[in-house]
Amino acid sequence: GLVGSEMCIRDRFSAIREGDWKLIYLYEKEQCELYNLAEDIGEKHNLAYKQPELTDKLCSDLTELLRKIVAQTPVDRETGEPVPFPHFEKIGNVNQ
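A few points on the structure. Just so we're clear, the structure is a prediction, and the values are computed from it rather than from any experiment.

## Some words on the environment of arginine 12
Examined against the element boundaries, arginine 12 turns out to sit in the segment before strand E1 (13-18). Taking C-alpha positions, arginine 12 is 8.5 Å from tyrosine 25, a pair spaced 13 residues apart along the chain. The residues contacting arginine 12, other than those within four sequence positions of it, are Tyr25, Leu26, Tyr27, Glu28, Pro74 and Arg77. Looking at arginine 12, its side chain comes within polar contact range of the side chain of glutamate 28, at 2.8 Å.

What follows is the structure in structure tokens.
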């Protein structure tokens, strides 16, 4: 996922898989990416806005898991405040 994508090694993210689906949450952008690994192993086609219900479910599952294991999440460099847990805005960047 990191080679050949817009994601940079410095990006902070969490990810979860369910079957062929992989959801990545980019903390600094507060953005979800959803990939069907059976059809897109190179993670080139973000399906988050084409599959909003699944994206929302996996995002909720990821947040629940992170809270359960008391995962450390990033801190905003400007404010010093914790970056929000994964969430998905169904209305958003339609260019995805």
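Next comes the rest of the write-up.
## Observations regarding the pattern of salt bridges
Tallying each qualifying case throughout the model produces five salt bridges. With its nearest N and O atoms 2.8 Å apart, the salt bridge here joins glutamate 28 to arginine 12. Of this pair, glutamate 28 sits in the loop between strand E2 (21-26) and strand E3 (31-36) while arginine 12 sits in the segment before E1, and the two are 16 residues apart along the sequence. With a relative accessible area of 36%, arginine 12 lands in the partly exposed category. Glutamate 28 sits in the partly exposed class, given a relative accessible area of 44%. Through salt bridges with shared partners, one network takes in Arg12, Glu28 and Arg77.

## A closer look at the packing of aromatic side chains
The full count for this structure, using the stated rule, is two aromatic pairs. Ring centres of tyrosine 25 and tyrosine 27 lie 5.1 Å apart, and the angle between their planes is 90 degrees; this geometry places the pair in the edge-to-face category. Each member of the pair, tyrosine 25 as well as tyrosine 27, is classed as buried. Note on tyrosine 49 and phenylalanine 88: the rings are 5.2 Å apart at their centroids and 45 degrees apart in plane angle, and the pair reads as tilted. Remark: phenylalanine 88 occurs in the segment after helix H1 (52-68) and tyrosine 49 occurs in the loop between E3 and H1; sequence separation between them is 39 residues. On the accessibility criterion, tyrosine 49 (26% relative accessible area) is partly exposed. Taking the relative accessible area as the measure of exposure, phenylalanine 88 reaches 10% and is therefore buried.

Scoring rules and cut-offs
Residues numbered from 1 in each chain as written. Predicted model: local features only at pLDDT ≥ 70, side-chain atom pairs only at ≥ 80, totals over all residues. Heavy atoms only, no water. Helix = DSSP H or I, 4+ residues; strand = E, 2+ residues; numbered from the N terminus. Contact = heavy atoms within 4.5 Å. Polar contact = N/O pair within 3.5 Å; in protein donor to acceptor, adjacent residues only side chain to side chain. Salt bridge = Lys/Arg side-chain N within 4 Å of Asp/Glu carboxyl O. Buried < 20%, exposed > 50% of the residue type's maximum accessible area, 1.4 Å probe, protein only. Phe/Tyr/Trp six-rings, centres within 6.5 Å; stacked < 30°, edge-to-face > 60°.

Purely spatial values, then, with no claim about function.
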